[in-house]
Amino acid sequence: MRIAWSDTRSSLACPDSGLGRSQTRLTGYVQESIINTRAKKPQAPATIGNLPPLGMDADSIVDDFRRYFSHTLGRDESTDTNPQMYTSLVLSLRDRLVERWRNTRLAYSEADCKRTYYLSLEFLMGRALGNAMLNLDIDPATATALRQMGIELEALADQEHDAGLGNGGLGRLAACFLDSCATLQLPVTGYGIRYEYGMFRQKIENGCQLEEPDHWLRDGNPWEIERPEFATRVKFGGHTEYFTEQHGRTFVRWMNTRDVMAMPHDVPVPGYQNGTVNTLRLWRAAATEEFDLSEFNAGSYTEAVASKNAAEHITMVLYPNDSSENGKELRLRQQYFLASASLQDILREWVKHQGNDFSRFAEKNCFQLNDTHPTCAVPELMRLLMDEHGMGWDDAWAITSKTMAYTNHTLLPEALEKWSVSMFGRLLPRLLEIICEINARYLSEVALRYPGDIERQRRMSIIEEGHEKQVRMAYLAVVASFSVNGVAALHSELLQEHLFRDFYELWPHKFNNKTNGVTPRRWLAWSNPELSKLISDAIGDDWCTDLSQLQKLKAHADKATFRKKWRAVKQANKARLAEMVQQDCGVTFDTNALFDVQVKRIHEYKRQLLNVLHVIHLYDRIKRGDTANWTPRCVLIGGKAAPGYMMAKRIIKLVNAVAKVINGDPATEGLLRLAFLPDYRVSAMEVISPGTDLSEQISTAGKEASGTGNMKFMMNGAMTIGTLDGANIEIREEAGAENFFLFGLTAQEVEATRHHYDPAAIIHADEDFKRVMGLLCSGNFNLFEPGIFDPIINSIYSPNDPWLTAADFRSFVDAQRRVDQAYKDQDAWTRMSIINTATSGKFSSDRTILDYNREVWHLPQIAPKQG
Ligand code: 26Q
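One structure accompanies this document, and this report is about it. (Residues numbered from 1 in each chain as written. Predicted model: local features only at pLDDT ≥ 70, side-chain atom pairs only at ≥ 80, totals over all residues. Heavy atoms only, no water.)

### Some details on the packing of helix α25 (residues 646-664) against helix α32 (residues 790-797)
Two quantities define a packed helix pair, namely the angle between the helix axes and the distance between the axes. Running from N to C, α25 and α32 point in directions that differ by 105°, and their axes come no closer than 9 Å. In terms of orientation, α25 lies roughly perpendicular with respect to α32. Side by side, α25 and α32 meet where M647, R650, I651 and L654 of the first sit next to P791, I792 and S795 of the second. (Axes fitted to C-alpha atoms, helices over the stretch in contact; angles between N-to-C directions. Helix = DSSP H or I, 4+ residues; strand = E, 2+ residues; numbered from the N terminus. Parallel < 35°, antiparallel > 145°, perpendicular 65-115°, else oblique. Contact = heavy atoms within 4.5 Å.)

Structure below.
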């Protein structure tokens, strides 16, 4: 590898440094702050002038790459794994994004249009390089440029750390939505947290999960641009004082607070080959200057450093729990930090243009709350409008309740956020007062509608009474929002019938469904280039921005030559997946076998356990010699368990223990393999979904809000084996019942079964099941660790098992038999695979975002200014 150092092209230095200053602190009485925030006369901009657009050809990229490598980064030694080479490439591409970013901002600001802000504690972006190249349509030029310098693109691309700023579905959904908004040229900005440590890295040792910190920023993050000129201050603690003005108006001041600075880092979000670049603004916590000064001047140097650390702790780490982590003060700090910094940022921009006139604020702004996590935005917007901008309650409430929209992602009771009133009051006293006032006013509305129904008022109160009073965040979100949605048809129905029943009765117009989707750019075009080419050769390439076009593939499913090509692509993708499994698990997958995959967070309701029971059943059949007409299978399971979720960790241990026995038994050779894939993440899924034959979507019906992995698999031509849960129902509707392996109880049957559930009797009545449990209970998979699987065994036998694993065993095994049969007829299987891809159009996040826009946001689509 060699780089020629002949570059001489000069350019302006990148003016990233903080030219601006922090926002003035709003001090004194409210009147003063109103004066402070009046529209300022715009300063004449310095005349840096417009630069000509950067070239998109290989030679221009080579020039820029060399300049970054040798001049900006000051390097001259080049090796394949050199991080500066990766950085040089990213900076070269980022420059091209920055041009489009500016043109997009100009167009939005000129249009003076309505905007939506997607507030989320998680954005699971994964890698950005491939996506940027695809969306800039600069992939071939980049590959050529690197080749000219003797560098292999893939080796560089593989250096990129995943931006793992999310747990799973909810965080990845936010990332897919940003991609769709940019592709649809919608003025949507993401606001999130720049965690220093993202989702932990999962290691497997002795079959057990070990967590390692994910210091993804260690080598710097060349994609982001820090914007100190927009740093803002967030308050914590202290107390409130009430003042009465001459005219009798009361004002509130939140005083003696311990403030933390919020520093924005902007990440470009490119649309698909359309010149649009939207923004993801991530906040980092930093100590305030005075805070430093006062502490240091007091002479307590070490304490000062320690408290500086405390401030910066807020954005140190992502909570690695995807269902609940109730009551942790640091988590509430994170949530308020995001809500306050983002809203102040948005109001600052508003005031810059409109002064203190908020009369059109509601028609120009919308806040989409990604679950209840950012719901502090509700009382915070009230506070900012009243305490900082002098508005009265009614006007502030009119704005808040017309701009907030809430998406719910779960029905699991343990995942519903609650905060102890006493902790909330200590950390955010002013917000608690506002929440109590919202509650009082809203409960009087309830009382008017249902006079004397005290029980209903108690049920519906935002504050849960009891030993320890709690703030119910989901209720706060529903009360304040004009739109409340679930993420798949079944989930939205269940929300109306159960969790939010009373609210649906009171305000039916608020409730709606938005079935999730995933971006076809990352999840088909980028991750499965061979299939994409085959598809485009057959039906043209419009499908990438209009996924319903895939329907046209149906006609090709009948052509033998097309099916042959389809099968060849799947084989090549299986080979790539097998290589990864070999490397990461040390298990050999034969690409002629059926690849059966379940990757997702490890959770009891997702029933990885049911999957393992089926694998044990297959093993038992092999051991009994029941292998006539056998369909060879390679089963892959992957996912992270929350570090404190003992049962989930035990399930990982079980998968590994069963894998060890099965893979080590010569009897299974050529028939069955099981592997647990460590550290499942976005970039792993980019290899997994194209190489999968069978997608396992086997949650207890009524428990998986939607699922989005199911959609990625479907797009890539996998068949689904699944329950009637979440979006599976809609997947089956689109694909047709004959192209979906259905099993299990329905959500209704699940609820009815609970009253008379007798797993011991079910097991006893089923010879196969009895033998599977016999193997498990005999210690066959834990000879040297007796008893370790007892909690799992007990959960299966428990009449109170919430996940009804035993109830669906027989039906699952029968469905798997149908899978085996179907796979034998490769031609029929390939036809079904094509039909699955062909009917996956509904599950593009473009469709989801268009639904949000038509029914909730009402934003115009705006093309960027011509540069
Ligand atoms: C809550 C409190 C404290 C700490 C963490 C949390 C927390 C964090 C993440 C709670 C939940 C989550 C994530 C939930 C999630 O990913 N839900 C999934 O959302 C997907 C997108 O809508 C759905 O497809 C899945 O069905 C749903 O499980």
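### Things to note about helix α13 (residues 393-403)
By the burial criterion, the buried members of α13 are W393, A396, I399, T400, S401 and T403. On its buried face, α13 sits against α11 (361-364), β13 (365-370), α12 (377-388), β14 (404-407), α15 (429-449) and α17 (473-480). (Buried < 20%, exposed > 50% of the residue type's maximum accessible area, 1.4 Å probe, protein only.)

### Some words on the pattern of salt bridges
Summed over the entire model, instances satisfying the criterion amount to 69 salt bridges. Its salt-bridge partner being D259, residue R233 comes within 3.1 Å of it at the nearest N-O pair. Placement of the pair is R233 in strand β8 (residues 232-234) and D259 in the loop between β10 (250-255) and β11 (260-270), with a sequence separation of 26 residues. Judged by its relative accessible area of 18%, R233 is buried. (Salt bridge = Lys/Arg side-chain N within 4 Å of Asp/Glu carboxyl O.)

### Thoughts on the environment of Q582
Relative to the assigned elements, Q582 resides in helix α23 (residues 560-585). According to the relative accessible area criterion, Q582 is partly exposed, its value standing at 36%. The sequence separation of Q582 and R201 amounts to 381 residues, and the corresponding C-alpha distance is 19 Å. Setting aside its immediate chain neighbours within four residues, Q582 contacts V587 and T588.

### Thoughts on the sheet that holds strand β25 (residues 741-742)
Pairing in this open sheet of 6 strands is parallel, and the strands run β22-β21-β20-β23-β24-β25 from one edge to the other. This sheet does not close on itself; its edge strands, each paired only once, are β22 (672-677) and β25. Pairing of strand β23 (residues 694-697) with strand β24 (residues 719-722) involves 4 bridges; the strand directions are parallel. Counterpart to E696 in the pairing with β24 is I721. Each of β20 (594-599), β21 (633-638), β22 and β23 touches helix α24 (residues 608-623); the most contacted strand, β21, lies at about 155° to it. Most of the contacts of helix α34 (residues 826-838) go to β24, to which it runs at about 85°, and overall it touches β20, β23, β24 and β25. (Pairing = 2+ DSSP bridges.)

### Focus on the sheet that holds strand β15 (residues 418-420)
Taken in spatial order, the 3 strands of this open sheet run β15-β17-β16, and their pairing is antiparallel. Each end of this open sheet is capped by a strand with a single partner; those strands are β15 and β16 (463-464). Note: β16 against strand β17 (residues 470-472), 2 bridges, orientation antiparallel. Looking across to β17, one finds that I463 is bridged to V471. Packing against the sheet, α17 makes contact with β15 and β17, and its axis sits at approximately 45° to β17.

### With respect to the site of the ligand
In the region of the ligand, 22 residues are neighbours, and L170, H409, N516, E704 and G707 sit closest. Interatomic distance of 2.8 Å between a side-chain N/O atom of N516 and an oxygen atom of the ligand. Across the shell around the ligand, the residue classes break down as 6 nonpolar, 10 polar and 6 charged. (Near = heavy atom within 4 Å. Polar contact = N/O pair within 3.5 Å; in protein donor to acceptor, adjacent residues only side chain to side chain. Nonpolar A, V, L, I, M, F, W, Y, C, P; charged D, E, K, R; others polar.)

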